[in-house]
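Overview (structure and organization)
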Amino acid sequence: MAYCFISDLHLQESRPDITKAFLDFLDDTASKAEKLYILGDLFEAWIGDDDQNNFISEIRAALLKTNKTTKIFFLNGNRDFLIGTEFASSSGFEILNDPTIEEMFGNNVLLMHGDLLCTEDHDYQAFRKTSRDPKWQDEFLNKSIQERREIAHNLRTISKEATEIKKEEIMDVSTAEVIRIMEESSVNLLIHGHTHRPKSHKIKVNDQPAERIVLGDWDAYGWYIWMDSSSCELKNFSIS
Ligand SMILES: [Mn+2]
């Protein structure tokens, strides 16, 4: 028995190399696991489950196929926070809350996208709070697809400009917040993505040895974690 974890693929039509790597990964690797956890930012952008095209249909078909061998879980990232139950149920996966605690091989594991850990980024946390409000989401989703596309594009431009002037530390997780939430959740393993800084960090939580494993974004390399009863390893493979 094994579990597989990925995040931050940022799938988009303009990167067919990453889409192909993902489809191959589902067939060759993820389908051999009992469970696949997609920890957010599967897509570069998402403006609602009703915005459909051939590209999205291809991904949905691949997820449905994988779902025959592997149970798939997803938690929303900051790019695809609008993926909802319609796309989830038609693609054969289940949406988890962020954060989620799951028992895995006798151990409690904390799963997050990772954006909640970036507590130093006050502007982003304020936007996150607004955009996760059901009322804001209803209003947004009731706009025409064209209007939503324009708003999403403008938000992206503003966010890009803000990101360029933010300090590196602000864009990373707050170590204090990592310890706080791990202690509060009584876990010794945290798995997340978002920061695009793939690495396994040995830390201490409640004076006990603990680990925080950060998944990488898919670009020149694809990143995943493979967990079984005896090990939990961050792995990568070349895409281009
Ligand atoms: Mn993210």
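Coordinates for the structure precede this section.
The rules behind these values
Counting of residues starts from 1 at the beginning of each chain's written sequence and follows it residue by residue. It should be noted that, the model being predicted, local features are given only for residues of pLDDT at least 70 and side-chain atom pairs only at 80 or more, the latter also being counted only at that level, while totals for whole chains, interfaces and linings use all residues. Going along the chain from the N terminus, every DSSP run of H or I of four or more residues is numbered as a helix, and every run of E of two or more is numbered as a strand. Here the globule rule reads 2.2 Å times residues to the power 0.38, and the radius of gyration is calculated from C-alpha atoms. Backbone-placed C-beta atoms define the burial measure: a residue is buried with 20 or more other C-beta atoms within 10 Å of its own, exposed with 12 or fewer, and partly exposed in between. Two residues qualify as a contact pair if the distance between their C-beta atoms, derived from the backbone, is within 7 Å. Should DSSP find at least two bridges between two strands, the strands are taken to pair. With axes taken as lines fitted to C-alpha atoms, and helix axes fitted only over the stretch in contact, angles between N-to-C directions fall between 0 and 180 degrees. To estimate how far a helix should reach, multiply one less than its number of residues by 1.5 Å. Arc definition: directions from the helix axis to the C-beta atoms.

Digging into the overall build of the protein
Assigned secondary structure in the protein consists of 8 helices and 11 strands. On C-alpha atoms alone, the protein measures out to a radius of gyration of 17 Å, which is about the 18 Å that the 2.2 N^0.38 rule sets for 240 residues. In terms of principal-axis extent, the alpha carbons of the protein reach across some 50 × 40 × 35 Å. Put simply, the protein has 240 residues, and 30% of those count as buried. Sequence separation of at least 24 residues holds for 66% of the intrachain contacts in the protein that already meet a minimum separation of 6.

Details of the pairing of strand S9 (residues 208–214)
Two elements, strand S7 (residues 189–192) and S9, share 4 bridges in a ladder whose sense is parallel. Counted as the bridge partner of His192 is Val214 from S9. Two elements, strand S8 (residues 199–205) and S9, share 7 bridges in a ladder whose sense is antiparallel. Within the sheet, the bridge partner assigned to Val205 lies in S9 and is Gln208. Taking the residues that link successive antiparallel strands as the turn, the S8-S9 hairpin has 2 residues, and the phi of Asn206 there is positive, at about 50°.

Structural notes on the sheet that holds strand S11 (residues 232–238)
What the 6 strands build is an open sheet, ordered S4-S3-S2-S1-S10-S11; its pairing is mixed. The open sheet has two edge strands, strand S4 (93–95) and S11, and neither has a second partner. Taking each pair of neighbouring strands and ignoring which way they run, the sheet shows an average axis angle of 25°. Two elements, strand S2 (residues 35–38) and strand S3 (residues 71–74), share 4 bridges in a ladder whose sense is parallel. Directly across from Leu36, in S3, lies its bridge partner Ile72.

Side note on helix H1 (residues 16–28)
If you check H1, its first and last C-alpha atoms are 18 Å apart, about what 13 residues at 1.5 Å a residue would give, namely 18 Å. Within the sequence span of H1, burial applies to Ile18, Ala21, Phe22, Phe25 and Leu26. Each buried residue of H1 sits inside an arc of 135° when the element is viewed along its axis, so together they form one side. The exposed set on the far side of H1, more than 90 degrees from its buried face, consists of Pro16, Asp17, Lys20 and Asp28. Buried residues in H1 make contact with helix H2 (54–66) and strand S10 (221–228).

Quick notes on the sheet that holds S7
Spatially, 5 strands are ordered S5-S6-S7-S9-S8 in an open sheet, and the strand pairing comes out mixed. Strands at the two margins of the open sheet, each flanked by one partner only, are strand S5 (100–104) and S8. For this sheet, the mean angle separating the axes of adjacent strands, direction not counted, is 25°.

Details of the environment of Thr195
Examined against the element boundaries, Thr195 turns out to sit in the loop between S7 and S8. Classification of Thr195 as partly exposed rests on a count of 19 C-beta atoms within 10 Å. Residues Thr195 and Asp172 lie 23 residues apart in sequence; the distance between their C-alpha atoms is 6.0 Å. If we skip the residues at most four places from it in the chain, Thr195 touches Gly114, Met171, Asp172, Val173 and Val214.

Brief notes about the pairing of S10
Examined bridge by bridge, strand S1 (residues 2–6) and S10 share 4 bridges and lie antiparallel to one another. In the sheet register, Cys4 faces S10, and the bridge partner there is Trp226. Where S10 lies against S11, 7 bridges are found, and the strand directions are antiparallel. Within S11, the residue paired with Tyr221 across the bridge is Ser238. In this structure, the hairpin formed by S10 and S11 is closed by a connection of 3 residues.

Description of unusual backbone geometry
Where the residue is not glycine, phi is negative for most of them; where a peptide bond is considered, it is trans in most cases. Put simply, Asp98 and Pro99 share a cis peptide bond, and its omega is 0°. One non-glycine residue, His196, lies in positive phi territory at about 60°. With respect to the helices, strands and loops of the structure, His196 is situated in the loop between S7 and S8. In this structure His196 comes out as partly exposed when scored by C-beta crowding, with 19 C-beta atoms within 10 Å.

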